[in-house]
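Okay, here's what each chain looks like letter by letter:
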Amino acid sequence: METLSFEFPAGQPPKGRALVGVVGSGDLEVLLEPGKPGTLSIQVVTSVNGASLRWQHLFERMFDGQTPPALSIDIHDFGATPGVVRLRLEQGFEEIGHD
């Protein structure tokens, strides 16, 4: 198991919280909670060691050219593909009311 931390510039925190996905074979769980204004912080606990750059690139692509809300995001990964990660994050953003 490996724990990774990332930070990105952000806007204001949303009012909502969301929990999407489940931890299981090839999937992940994402918890989104309001964060500190101006900061999007992401903590990933993953069963895949040595994948820090893959996660970094995925987040950079997702947030490029936009200002995400200030969130504290916890991701519990069990070998999900980048497509599943993006899907779960988009589901979470939709639940908190940020498209």
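Residues numbered from 1 in each chain as written. Predicted model: local features only at pLDDT ≥ 70, side-chain atom pairs only at ≥ 80, totals over all residues. Heavy atoms only, no water.

You'll find the chain entered in an unreviewed UniProt entry as Malonate decarboxylase acyl carrier protein, with Pseudomonas congelans given as the organism. Reading the Function (unreviewed entry) entry of the UniProt record for the chain gives the comment "Subunit of malonate decarboxylase, it is an acyl carrier protein to which acetyl and malonyl thioester residues are bound via a 2'-(5''-phosphoribosyl)-3'-dephospho-CoA prosthetic group and turn over during the catalytic mechanism." Looking at the chain in UniProt, the text filed under Subcellular location (unreviewed entry) is "Cytoplasm". (UniProt positions renumbered as here; feature names shortened; annotations may be inferred.)

Q: Before we go on, may I ask you to explain the overall build of the chain in this structure?
A: A count of helical and extended segments in the chain gives two helices and five strands. When the helices and strands of the chain are read in sequence order from the N terminus, they spell out β-β-β-β-α-β-α. The C-alpha atoms of the chain give a radius of gyration of 12 Å, which matches the 13 Å a tight globule of 99 residues would have. Considering only C-alpha atoms, the chain reaches an extent of 35 × 25 × 20 Å along its principal axes. For the chain, with 99 residues in total, the buried portion stands at 37%. At a minimum sequence separation of 6, the contacts of the chain that also span at least 24 residues come to 83%. Accessible surface, the chain: about 5,300 Å² in total, of which carbon and sulfur atoms supply 50%. For the chain, the distance from the average site of its 7 positive side-chain charges to the average site of its 13 negative ones is 3 Å. (Helix = DSSP H or I, 4+ residues; strand = E, 2+ residues; numbered from the N terminus. Rg over C-alpha atoms; globule rule 2.2 N^0.38 Å. Buried < 20%, exposed > 50% of the residue type's maximum accessible area, 1.4 Å probe, protein only. Contact = heavy atoms within 4.5 Å. Areas by Shrake-Rupley, 256 points an atom, 1.4 Å probe, with all protein chains shown as cover. Lys, Arg positive; Asp, Glu negative; His and termini not counted. Charge placed at Lys NZ, Arg CZ, Asp CG, Glu CD.)

Q: Explain the sheet that holds strand β4 (residues 39–46) to me, please; I cannot follow it from the model alone.
A: In any sheet, the strands associate via hydrogen bonds between backbone groups, in a parallel or an antiparallel arrangement. With mixed pairing, five strands are arranged side by side in an open sheet as β1-β4-β5-β3-β2. In the strand order of this sheet, the two ends are held by β1 (2–9) and β2 (18–21), each with one partner. Sheet twist, expressed as the mean angle between neighbouring strand axes with direction ignored, is 15 degrees. When β2 meets strand β3 (residues 28–34), the two strands line up antiparallel, connected through four bridges. Opposite Ala 18, over in β3, you have Leu 32 as the bridge partner. In the packing of helix α1 (residues 52–63) onto the sheet, the strands contacted are β1, β3, β4 and β5 (71–77), and the crossing angle to β1 comes to about 25 degrees. Helix α2 (residues 82–95) rests against β2, β3 and β5 of the sheet, and its axis sits at about 150 degrees to β2. (Pairing = 2+ DSSP bridges. Axes fitted to C-alpha atoms, helices over the stretch in contact; angles between N-to-C directions.)

Q: Which parts of the structure should I look at to understand the pattern of salt bridges?
A: Once their charged atoms are close, side chains differing in charge can pair, the charge on each being opposite to the other. Going through the model one piece at a time under the given rule, you end up with three salt bridges. Residues Glu 90 and Arg 86 are paired through a salt bridge, measuring 3.0 Å at the closest nitrogen-oxygen approach. Residue Glu 90 and its partner Arg 86 are both found in helix α2; the two are separated by four residues, about one turn of the helix. (Salt bridge = Lys/Arg side-chain N within 4 Å of Asp/Glu carboxyl O.)

Q: For this particular structure, what's the right way to read the environment of Val 20?
A: If you trace the backbone, Val 20 turns up in strand β2. Residues Val 20 and Leu 31, eleven residues apart in the sequence, show an inter-C-alpha distance of 6.7 Å.

Q: So what exactly am I meant to see when it comes to the pairing of β3 here?
A: The side chains of a regular strand alternate between the sheet's two faces. Judged from the seven bridges that link them, β3 and β5 form a sheet pairing that is antiparallel. The residue of β5 that forms the bridge with Leu 32 is Ile 73.

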